Amino acid sequence: MVSSMDEKVVAVIMVGGPTKGTRFRPLSLNIPKPLFPIAGQPMVHHPISACKRIPNLAQIYLVGFYEEREFALYVSAISNELKVPVRYLKEDKPHGSAGGLYHFRNLIMEDDPSHIFLLNCDVCCSFPLPEMLEAHRKYGGIGTLLVIKVSPESASQFGELVADPVTNELLHYTEKPETFVSDRINCGVYVFTPDIFTAIRDVSSQTKDTATLRRVSSVEALQPATRNSTDFVRLDQDILSPLAGKKQLYTYETMDFWEQIKSPGMSLRCSELYLSQFRLTSPQVLASGDGTKSARVTGDVFIHPSAKVHPTAKIGPNVSISANARVGPGVRLISCIILDDVEIMENAVVTNAIVGWKSSIGRWSRAEGVYNSKLGVTILGDSVAVEDEVVVTSSIVLPNKTLNVSVQDEIIL
């Protein structure tokens, strides 16, 4: 018998594709959403780094339908950095979260793993993966879900579930219910045994049998072909809901932070959460400064080594400054993400905003977001020029625009 010390584990991270990042525009127009920097690292880097802590990790797979060339450089770099094989697997079409896992089952099982982690790329949390694995081994069954308690008002936006308070068995699961079911929700992080493939195969077979026994309705005929395909299997509705209450699935509740990164505004919130986590896990990546030889830094701040920040600037809290950015004298940065090659000129202020690649903020100008306004966080796309003494408030500006007048609550196309 193979002991748990010798059992291999693999991780699969679902990264989606171009059609899945539409709510992330304009920031996803020139870079895949999973590679957008949050807290100084690509979004997908955070779950990948968490996987590194899994005992006996043999391989990490990224599954999506972006072109392979868009991930090639990153996959090579992160494999070398973490000393763990990372491989990108391109779907020929969307197969659904469970269908995508099943589509690559032969590759995933090459290392004969005892357990398979499945993570969604757009989840922001502390990823307690080793703890989940340990709990799952005690529970038995084919899978364990990471869950969290949220407010009753927000629960309906996610998959709600009911678990046995003693055994933690998943008793009931429903995706985005119309009426309140529970304040526990699915976090989009799972650990399975290889038996999950049998469960997916059975669903796919049932769908195929049903399809041959009846005609497709006129409504179904108008649906996208991939959704009618027998190999399109959703993890939540097709697997979790039917298996709930059958002693097959269990839950592991996190008491830590959790968010879903669906919009640019949420990426700013998640950057704050990850920077705060770095204070505990990786304090060496955070910047410091007292305003003498380097800029005054307050709170949790990441500054790329190649960025140039003037000593009279004041940075933080919750600021991430990417490669080759230039921050001038007297600049004030609060709660913002500054991307590669941005120039922020003297005495400008950026707060609650994301400044896109190669953009510039002129002298005495302001780019600011107001959370209780219509659009909230200000988003400047790639190569946007804000001229001197211009105020941009809670607005979204698409790439290659020049602003010479102040705007508020506007979308500049």
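Coordinates for the structure precede this section.
Here the structure is a predicted model, which is why all the values come from computation and not from measurement.

Participant: How should unusual backbone geometry be read in this particular structure?
Facilitator: For residues other than glycine, phi is negative in most cases, and the peptide bonds are mostly trans. Omega for the bond connecting G316 with P317 falls within 30 degrees of zero, at 0 degrees, which places this linkage in the cis form. Structurally, P317 is set in the loop between β17 (314–315) and β18 (319–321). Even without being glycine, N352 reaches a positive phi, approximately 50 degrees. By relative accessible area, N352 is classed as buried at 15%. At N400, a position not held by glycine, the phi torsion is positive, near 65 degrees. For N400, a relative accessible area of 57% gives the class exposed.

Participant: For this particular structure, what's the right way to read the environment of E70?
Facilitator: Relative to the elements of secondary structure, E70 occurs in helix α2 (residues 69–82). Given the relative accessible area of 34%, E70 is considered partly exposed. In this structure the C-alpha to C-alpha distance between E70 and I31, which are 39 residues apart in sequence, comes to 8.1 Å. Leaving out residues up to four positions away in the same chain, E70 has contacts with P32 and L35.

Participant: Explanation requested: the pairing of strand β9 (residues 159–163) in the structure shown.
Facilitator: Every other side chain in a regular strand lies on the same face of the sheet, so the side chains alternate between the two faces. Note that β9 and strand β10 (residues 170–175) share 5 bridges and pair antiparallel. Within β10, the residue paired with E160 across the bridge is T174. Hairpin connection between β9 and β10: a loop of 6 residues separates the two successive antiparallel strands, and N168 in this loop has a positive phi of roughly 70 degrees.

Participant: Hey, could you run me through the nonpolar core in this one?
Facilitator: One recurring pattern in soluble globular proteins is that nonpolar side chains are buried together. Ranked by internal contacts, the top residues of the largest apolar core, which has 66 residues, are I13, I60, L62, F117 and L129. L129 has contacts with A50, C51, I54, F117, L119 and V189, leaving out every residue within four places of it along the chain. Formed by 34 residues, the second largest nonpolar core is a distinct cluster that contains V12, L89, L161 and A244.

Participant: I'm lost on the pairing of strand β11 (residues 184–192) in this one. Help?
Facilitator: Counting buried positions along β11 gives 8 out of 9 residues, so the element sits mostly inside the fold. Sheet topology places strand β6 (residues 115–120) next to β11; 4 bridges connect them, and they run antiparallel. Across the sheet, L119 pairs through a bridge with V189, a residue of β11.

Participant: What is the right way to look at the packing of aromatic side chains in this model?
Facilitator: Two aromatic rings, taken as a pair, are described by how far apart their centres are and by the angle between their planes. Applying the stated criterion to the full structure yields 8 aromatic pairs. Judged by centre distance (4.8 Å) and plane angle (5 degrees), the ring pair of F71 and Y88 falls under stacked. Residue F71 is found in helix α2, and its partner Y88 is found in strand β5 (residues 86–90); the two are separated by 17 residues along the sequence. With 6.1 Å between their ring centres and 85 degrees between their planes, F257 and Y274 make a pair best called edge-to-face. Taken as a pair, F257 in the loop between β12 (249–253) and β13 (258–260) and Y274 in helix α11 (residues 264–281) lie far apart in primary sequence, 17 residues in all.

Basis of the calculations
Residues numbered from 1 in each chain as written. Predicted model: local features only at pLDDT ≥ 70, side-chain atom pairs only at ≥ 80, totals over all residues. Heavy atoms only, no water. Helix = DSSP H or I, 4+ residues; strand = E, 2+ residues; numbered from the N terminus. Buried < 20%, exposed > 50% of the residue type's maximum accessible area, 1.4 Å probe, protein only. Contact = heavy atoms within 4.5 Å. Pairing = 2+ DSSP bridges. Core = buried A, V, L, I, M, F, W, Y, C linked by side-chain atoms within 4.5 Å. Phe/Tyr/Trp six-rings, centres within 6.5 Å; stacked < 30°, edge-to-face > 60°.

Taken by themselves, the reported measurements are silent on function.
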